[in-house]
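Given next are the chains, with one letter for each unit.
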Amino acid sequence: MKITRFSRIGFIIAATGSAVGLGNIWKFPYITGEYGGGAFVLVYLVTVLLVGFSTMIAEMLMGYLGRMDTVSSFEKLAPAKKHLWKFGGFESLAGLFIMIFYSVVIGWIFNYIITSLTSLPATPKEAENVFNNMLHTDFTTQFFYHTMAFVWITYVLNKGLKSGIEKMNFYLMPALIIILAGMFIYATTLGAFSQAVAFMFTPDWSKITSEAFVTAVGHAFFTLGLGMGTIMTYSASLEEDANLVKNTFWVVFFDTAIAIVAGLMLFTFLYQYGSGPAKGPGLVFISLPSAFYEMGLLGNVFAIFFFIALAFAGLTSSVSLVEPMIKYFIDRFSWSRLKASISMGLFFWFFGIFAILSNIDGAKEYLTWGDKSFFDWVDYVTAAIMLPLGGLIIAIFVGFVIPKSKVESVMKSQLKWAFEPWYFSLRYITPIAMCIVMLSLIGIL
Ligand code: PFF
């Protein structure tokens, strides 16, 4: 079988494309708003450094050593009890589940690109009505754009690692960075920029509840795209002499920088033209459009480019969410790429329809359990349980199961003096942090 590989830079771009997603531009600003700014940002940054960085190296190492789909890599690398450890590889299912709501949100973004071309809502109230109408009454529009997202993602996945995933990232990621950089530079010229800086970087510890703490830790995992075998799958095609530490550094650097830049930019616009830092998932769909309206003509142009950038971020992450399961079916069951891509695509497309319905008046009553709709449940179960659990399994597997000598043989020369601190963090800090996140999110702590 011919092995297609990323180019050296292609890997970094694709892994960055996976990390930089709706999590950075849509979710990070609104949860920062929700949990009061500075202190929350600090907890998130410390987690990225202490836990995220070391787990990403571990996940990359597993792909590099395993060279196969996630299930086979676990099986191959476990020195004993292979039949049990291979189940660790099924953490990749989380990606397919995330896609159920991720694709719907990309659909909303497509819709907003089109509406920004014609008209922006004039007041926050009107913006709220527009968003809520779409969410609660307009099944057809959501279905149409969700289907468009499905077609786009499946098409790219079918083209394969190099001519599909790498190529799309190669065009969309620089475009995304240019758009955000342009808008960020403009934001720095506005008076409200210093307010945004103060909001994001002045820690007010009284705002850090245990829920805020856990959300920050969980988000660090989601945003880096850890704990479901994406990085493992991508790194299965790394060259022999690849430097895992350098690769990890660049991905973590870009992911964090883009989240901070997006946050500062959005908060500046909201302070300058809107009503200050908004809370909740409506931030970019409700508060921002009316701030763009206040900006005048430039705001219209910004709105279009902003939603295009957001769509690009979402699409490059989407392919990485589905690829691990595609590789699983290709490697283990000899499926063709076409069959695997279409089947996985149809899976998230089909359940995505229920995610849409679970917000629609008249249908949502049948698709809500407890206080959460099907849409919210999928988000919650994947982010709160599956990713931290996946991260925990990876940390334990590399920290305790793979023989230390094997880990050392690759990592010692790359990490040098940092090898022991990294190994320690993997064995103790990451598992404890992940357990705390899971226990509190499921309500035990
Ligand atoms: N990191 C992506 C985001 O911030 O939106 C989401 C994601 C991608 C999560 C890949 C998990 C993953 F494996």
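Residues numbered from 1 in each chain as written. Predicted model: local features only at pLDDT ≥ 70, side-chain atom pairs only at ≥ 80, totals over all residues. Heavy atoms only, no water.

**Quick notes on the overall build of the chain**
Link 1 in the chain: Within the chain, the regular secondary structure consists of 19 helices and two strands.
Link 2 in the chain: For the chain, the C-alpha radius of gyration of 21 Å lies close to 22 Å, the compact-globule estimate for 445 residues.
Link 3 in the chain: Dimensions of the chain along its principal axes, counting C-alpha atoms only, are 60 × 45 × 45 Å.
Link 4 in the chain: Here the chain holds 445 residues, and the buried ones make up 59% of them.
Link 5 in the chain: A sequence separation of at least 24 residues applies to 81% of the contacts in the chain between residues at least 6 apart. (Helix = DSSP H or I, 4+ residues; strand = E, 2+ residues; numbered from the N terminus. Rg over C-alpha atoms; globule rule 2.2 N^0.38 Å. Buried < 20%, exposed > 50% of the residue type's maximum accessible area, 1.4 Å probe, protein only. Contact = heavy atoms within 4.5 Å.)

**Points about unusual backbone geometry**
Link 1 in the chain: The backbone phi angle of Lys81 is positive, close to 50°, even though this residue is not glycine.
Link 2 in the chain: Within the secondary structure, Lys81 is located in the loop between helix H4 (70–77) and helix H5 (82–85).
Link 3 in the chain: A residue is classified by how much of its surface remains accessible, and Lys81, at 55% relative accessible area, is exposed.
Link 4 in the chain: Of note, Lys416 is a non-glycine position whose phi angle comes to about 55°, a positive value.

**Considering the nonpolar core**
Link 1 in the chain: Counting residues in each nonpolar core, the largest one holds 164 residues, and the members touching the most others are Phe269, Phe285, Phe292, Phe306, Val398, Met411 and Trp422.
Link 2 in the chain: Broken down by element, the residue count for this core peaks at 18 residues, all from helix H15 (residues 297–333).
Link 3 in the chain: When near neighbours in sequence (up to four residues on either side) are disregarded, Met411 contacts Ile57, Leu61, Leu244, Val245, Lys416, Phe419 and Trp422. (Core = buried A, V, L, I, M, F, W, Y, C linked by side-chain atoms within 4.5 Å.)

**Some remarks on the site of the ligand**
Link 1 in the chain: Contacts to the ligand come from 15 residues, most closely from Ala19, Gly23, Tyr102, Phe222 and Thr230.
Link 2 in the chain: Contact distances for the ligand include 2.5 Å between an oxygen atom and a side-chain N or O atom of Tyr102.
Link 3 in the chain: Between the ligand and Thr223, the relevant distance is 3.1 Å, taken from a nitrogen atom to a main-chain nitrogen or oxygen of the residue.
Link 4 in the chain: Out of a free accessible area of 340 Å², the ligand has 100% covered by protein chains.
Link 5 in the chain: Elements that contribute at least two residues to the shell around the ligand include exactly helix H1 (8–19), helix H2 (22–34), helix H11 (210–224) and H15. (Near = heavy atom within 4 Å. Polar contact = N/O pair within 3.5 Å; in protein donor to acceptor, adjacent residues only side chain to side chain. Areas by Shrake-Rupley, 256 points an atom, 1.4 Å probe, with all protein chains shown as cover.)

**A few points about the packing of aromatic side chains**
Link 1 in the chain: For the structure shown, the criterion picks out 53 aromatic pairs.
Link 2 in the chain: With a centroid separation of 5.0 Å and 50° between ring planes, the pair formed by Phe347 and Phe351 is classed as tilted. Here Phe351 and Phe347 lie together in helix H16 (residues 337–357), a separation of four residues that amounts to about one turn.
Link 3 in the chain: When its relative accessible area of 31% is taken as the criterion, Phe351 is described as partly exposed.
Link 4 in the chain: Across from the ring centre of Phe87, 5.9 Å away, lies the NZ or CZ of Lys86, which sits over that ring.
Link 5 in the chain: Directly above the aromatic system of Trp377 lies the positively charged group of Lys372, at a separation of 5.5 Å from the ring centroid. (Phe/Tyr/Trp six-rings, centres within 6.5 Å; stacked < 30°, edge-to-face > 60°. Lys NZ or Arg CZ within 6 Å of the ring centre and 35° of its normal.)

**Quick word on the packing of H11 against helix H19 (residues 419–441)**
Link 1 in the chain: Contact pair H11 / H19: the axes reach a minimum separation of 10 Å and the direction vectors enclose 120°. Between H11 and H19, the interaxial angle falls into the category oblique. Remark: the crossing between H11 and H19 carries left-handed chirality. Between H11 and H19, the contacting residues are Val214, Val217, Gly218 and Phe221 on the first element and Met434, Val437, Ser440 and Leu441 on the second.
Link 2 in the chain: A class-by-class count of the residues in the contact of H11 with H19 yields six nonpolar, two polar and no charged. (Axes fitted to C-alpha atoms, helices over the stretch in contact; angles between N-to-C directions. Parallel < 35°, antiparallel > 145°, perpendicular 65-115°, else oblique. Left-handed = near helix turned anticlockwise from the far one by under 90°. Nonpolar A, V, L, I, M, F, W, Y, C, P; charged D, E, K, R; others polar.)

**Let's talk about the side chain of Thr223**
Link 1 in the chain: In this structure, Thr223 sits in helix H11.
Link 2 in the chain: With relative accessibility at 1%, the residue Thr223 sits in the buried group.
Link 3 in the chain: Within the local environment of Thr223, its side chain forms a polar contact with the side chain of Asn24, the two groups lying 3.2 Å apart.
Link 4 in the chain: When neighbours within four sequence positions are excluded, Thr223 is seen to be in contact with Ala19, Asn24, Tyr44 and Asp255.

**What about helix H6 (residues 93–118)?**
Link 1 in the chain: In a regular helix each residue adds 1.5 Å, so 26 residues correspond to 38 Å; H6 covers 39 Å between its end C-alpha atoms and thus fits that length.
Link 2 in the chain: The sharpest bend along H6 reaches about 35° and sits at Met99.
Link 3 in the chain: The element H6 is largely enclosed, with a buried count of 20 among its 26 residues. (Expected span 1.5 Å × (residues − 1). Bend = angle between axes of the 7 residues up to and from the residue.)

**Brief notes about H2**
Link 1 in the chain: Spanning 13 residues, H2 covers 17 Å between terminal C-alpha atoms, matching the ideal 18 Å at 1.5 Å per step.
Link 2 in the chain: Of all the bends in H2, the greatest reaches close to 35° and is centred on Phe28; the proline Pro29 follows between one and four positions later.
Link 3 in the chain: Burial analysis of H2 places twelve of its 13 residues in the buried class, which makes it a mostly covered element.
Link 4 in the chain: For H2, the complete set of buried residues consists of Leu22, Gly23, Asn24, Ile25, Trp26, Lys27, Phe28, Pro29, Tyr30, Ile31, Thr32 and Gly33.
Link 5 in the chain: Directly beyond the C-terminal end of H2, a positive phi value near 85° is found at Gly36.

**Examining the pattern of salt bridges**
Link 1 in the chain: Throughout the structure, instances matching the rule amount to ten salt bridges.
Link 2 in the chain: A salt bridge links Arg8 to Asp241, with the shortest nitrogen-to-oxygen separation between them at 3.2 Å. Placement of Arg8 in helix H1 and of Asp241 in the loop between helix H12 (230–235) and helix H13 (244–273) is noted, with a sequence separation of 233 residues between them.
Link 3 in the chain: Linking Asp204 and Lys207 is a salt bridge whose minimum nitrogen-to-oxygen distance equals 3.5 Å.
Link 4 in the chain: Assessed through its relative accessible area of 41%, Lys207 is described here as partly exposed. (Salt bridge = Lys/Arg side-chain N within 4 Å of Asp/Glu carboxyl O.)

Any link to function would need more than the numbers given here.
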